[in-house]
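Working through the structure, step by step
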Amino acid sequence: MTLIDISRPLQNGTPTWPGDTAFSYEVSWSKEQSGSVNVGKLTMSIHTGTHIDSPFHFDNDGRKVMELDLQLYIGPARMIDVSGRSSIGADDLAAYDLEGVTRLLLRTNSWTNANEFPAQITYLRADLAPFLHARGIRLIGVDVPSVDPLDSKELAAHHGLHSHDIHILEGLALEHVAPGDYELIALPLPLTEADGSPVRAVLRPYTT
Ligand SMILES: Nc1ccccc1C(=O)C[C@H](N)C(=O)O
Ligand SMILES: [Zn+2]
Ligand SMILES: [Zn+2]
């Protein structure tokens, strides 16, 4: 069955958070040098491309990636289009039936040039987390590098989602996906100390 890849490619030049570690892949030990194999070396900020945040990212006492519930990163998900807004709050989602939805992916279409880090993005307002929590949502995914405004220091959306037990998936590529219900697979790496992890995020369509 076909998988829809909703991950952003990771390559030298991939946009990163301003001032953060640039993405780099290089063959550090070539086949000629080692006599048998090419061996690669990867340097990157964890918050590059498609990734999850663990609570330690914004809370010194928060859980690390290895302590997160893997089940949330695999299972039924609904993708909805909420493009054309500068922010998303409870009002913007009031018209959607989210009954039985555990994982919600929001397409904001506000990262318009994938080759550059955006100057401005659609962010989540503070009243969204309690609204999602009341509907049983445990994971929110967005197609932008952050759930908060890019210049935010207080990170109201990150903290609000965390305090309502909603996990955060950022940097999805959703422009080529039809809104609807899918199986999401976006597993983090087994990083015991980390504040987040890159993921390979895919959607598997349901065939009926
Ligand atoms: N990588 C960074 C470098 C510097 C300052 C913030 C960030 C972030 O990633 C923050 C943001 N809260 C995020 O996870 O969405
Ligand atoms: Zn992040
Ligand atoms: Zn984040």
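Remember, predicted model here, so these are calculated numbers, not experimental data. (Residues numbered from 1 in each chain as written. Chains lettered and ligands numbered in written order. Predicted model: local features only at pLDDT ≥ 70, side-chain atom pairs only at ≥ 80, totals over all residues. Heavy atoms only, no water.)

**Digging into the coordination of the zinc ion (ligand 2)**
We apply this condition: Each metal's donors are the N, O and S atoms within 2.8 Å of it, or within 3.2 Å when it is Na, K or Ca, and because water is not part of the set, sites may look incomplete. Segments assigned H or I by DSSP are reported as helices when at least four residues long, segments assigned E as strands when at least two residues long, and all are numbered from the N terminus. The buried label applies to any residue whose accessible area, calculated with a 1.4 Å probe on protein chains only, is under 20% of its type's maximum; exposed applies above 50%, and partly exposed to all values in between.
Binding of the zinc ion (ligand 2) to the protein goes through His-47 (ND1), His-51 (NE2), Asp-53 (OD) and Glu-170 (OE), at separations of 2.1 to 2.3 Å. When the donors of the zinc ion (ligand 2) are listed by position in the chain, the intervening gaps give H-x3-H-x1-D-x116-E. Between the zinc ion (ligand 2) and the zinc ion (ligand 3), both coordinated by Asp-53, there is a metal-metal distance of 3.2 Å. Of this pair, Asp-53 sits in strand β4 (residues 51–53) while Glu-170 sits in strand β10 (residues 167–170), placing them 117 residues apart in sequence. Exposure remark for Asp-53: the relative accessible area of 4% places this residue in the buried category. With a relative accessible area of 1%, Glu-170 lands in the buried category.

**Some points on the UniProt feature "binding site: Zn(2+) 1" (unreviewed entry) in the protein**
To keep it simple, the criterion reads: UniProt positions are given in the numbering used here, feature names are shortened, and annotations may be inferred rather than shown by experiment. Within this scheme a cavity is a closed region of a 1 Å grid, computed over the protein atoms alone, that accommodates a 1.4 Å probe without allowing it to escape, whereas a pocket is open but has protein on both sides within 12 Å along at least five of seven lines; lining residues each have an atom within 4 Å of a point. By the convention used here, residues are in contact when the closest approach between their heavy atoms is within 4.5 Å.
Here, the residues flagged by UniProt with the feature "binding site: Zn(2+) 1" (unreviewed entry) are His-47, His-51, Asp-53 and Glu-170. Spanning 124 residues, the annotated positions come together in the fold, the maximum distance between their C-alpha atoms being 8.3 Å. When only the residues just named are considered, the largest cavity is lined by Asp-53. Excluding its chain neighbours within four sequence positions, the residues that come into contact with His-47 are Asp-53, His-57, Glu-170 and Asp-195.

**Structural notes on the nonpolar core**
The test is simple: As used here, the term nonpolar core means buried Ala, Val, Leu, Ile, Met, Phe, Trp, Tyr and Cys residues forming a set that is joined through side-chain atoms within 4.5 Å.
Counting residues in hydrophobic clusters, the biggest one holds 27 residues, and the most contacted among them are Leu-93, Leu-104, Leu-106, Leu-124, Leu-132 and Leu-161. Those elements that provide at least two residues to this core are α2 (90–93), β7 (103–107), α3 (128–134), β9 (139–142) and α4 (156–163). Here the element with the most residues in this core is α3; it accounts for four residues. The residues touching Leu-132, leaving out its near neighbours within four places in the chain, are Leu-93, Leu-104, Ile-137, Ile-140, Leu-161 and Ile-166. Counting residues in hydrophobic clusters, the runner-up holds 23 residues, among them Ile-4, Tyr-73, Leu-184 and Ala-194.

**Quick notes on the coordination of the zinc ion (ligand 3)**
Octahedral metals with six donors have ideal donor angles of 90 or 180 degrees. Tetrahedral metals with four donors have an ideal donor angle of 109.5 degrees. Inclusion rule: Each label reflects the angles at the metal, where four donors whose angles all fall between 85 and 135 degrees are tetrahedral, four or six donors whose opposite pairs open beyond 155 degrees and whose other angles stay between 65 and 115 are square planar or octahedral respectively, and the rest are irregular.
Distances from the zinc ion (ligand 3) to its protein donors, Asp-53 (OD), His-158 (NE2), Glu-170 (OE) and Glu-170 (OE), fall within 1.9 to 2.5 Å. Bound by six donor atoms, the zinc ion (ligand 3) shows angles of 51 to 155 degrees at the metal and therefore irregular coordination geometry. Here the donor residues of the zinc ion (ligand 3) are spaced in sequence according to D-x104-H-x11-E.

**Describing the site of ligand 1**
So the rule is basically this: Here a residue is near a molecule or strand as soon as one of its heavy atoms is found within 4 Å of it. Counting of polar contacts relies on pairs of N or O atoms within 3.5 Å, with two restrictions inside protein: one atom must be capable of donating a hydrogen and the other of accepting it, and residues adjacent in sequence are counted only when both atoms are side-chain atoms. In this scheme, a molecule is assigned to a cavity or pocket if more than half of its atoms are within 2 Å of the grid points. As a working rule, the residues Ala, Val, Leu, Ile, Met, Phe, Trp, Tyr, Cys and Pro are called nonpolar, Asp, Glu, Lys and Arg charged, and the rest polar, with Gly in that last group.
In the neighbourhood of ligand 1, the contacting residues comprise Trp-17, Asp-20, His-47, Asp-53, His-57, Pro-145, Ser-146, Leu-155, His-158 and Glu-170. One of the side-chain N or O atoms of His-158 is found 3.3 Å from an oxygen atom in ligand 1. One of the side-chain nitrogen or oxygen atoms of Glu-170 is found 3.1 Å away from an oxygen atom of ligand 1. Of all the cavities here, the one that holds ligand 1 is the second largest pocket. Grouping the constituent residues of the shell around ligand 1 by class yields three nonpolar, four polar and three charged.

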